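As a plain string of letters, each chain reads:
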Amino acid sequence: MYIRVKRSKTTYFIRCKASDKILDIKQKLQELVDQPANNQRLILPDTREVLEDSKTLADQKVENDAVVALTLKKDDNEFEEVNIVQPNDFYQARDADGASW
């Protein structure tokens, strides 16, 4: 299986198993985002549920091709807000600029 981990305009496709713990996923992301696992928070965007490190993907009902939001810890030790740019946001911004493709 795989999950899509999104942050802003970036999507990471992570290969995983339903039995993988959230901490395992964060460790895979660590090299990609250059942030240690403890500075990452994974959230289900639909429910805003924060995924717990010690639980598996299956425990938290994360299925194949699921979208998971990634937020990172800021300098003030707080986590940033979920920010996922949707394709529609991109097109609206482009149209507002009057750009022609």
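Model, not experiment: these values are computed from the prediction.

A look at the packing of aromatic side chains
Next up, step 1: Under the defined criterion, the tally for this structure stands at one aromatic pair.
Next up, step 2: Seen from their ring centres, Tyr 2 and Phe 13 are 5.9 Å apart, and the 45° between their planes marks the pair as tilted. Taken together, the positions of Tyr 2 in strand E1 (residues 2-7) and Phe 13 in strand E2 (residues 10-15) put the pair eleven residues apart, joining distant regions of the chain.
Next up, step 3: For Tyr 2, a relative accessible area of 31% puts it in the partly exposed group.

Observations concerning unusual backbone geometry
Next up, step 1: Its identity is not glycine, yet Arg 48 carries a phi of approximately 65°, on the positive side.
Next up, step 2: By the secondary structure assignment, Arg 48 is in the loop between strand E3 (40-44) and strand E4 (49-50).
Next up, step 3: We note that Asp 65 has phi near 70°; this positive angle belongs to a residue other than glycine.
Next up, step 4: With respect to the secondary-structure elements, Asp 65 resides in the loop between E4 and strand E5 (67-72).
Next up, step 5: A relative accessible area of 31% means that Asp 65 is categorised as partly exposed.

The rules behind these values
- Residues numbered from 1 in each chain as written.
- Predicted model: local features only at pLDDT ≥ 70, side-chain atom pairs only at ≥ 80, totals over all residues.
- Heavy atoms only, no water.
- Phe/Tyr/Trp six-rings, centres within 6.5 Å; stacked < 30°, edge-to-face > 60°.
- Helix = DSSP H or I, 4+ residues; strand = E, 2+ residues; numbered from the N terminus.
- Buried < 20%, exposed > 50% of the residue type's maximum accessible area, 1.4 Å probe, protein only.

Honestly, that's just the spatial picture; any functional story needs more than this.
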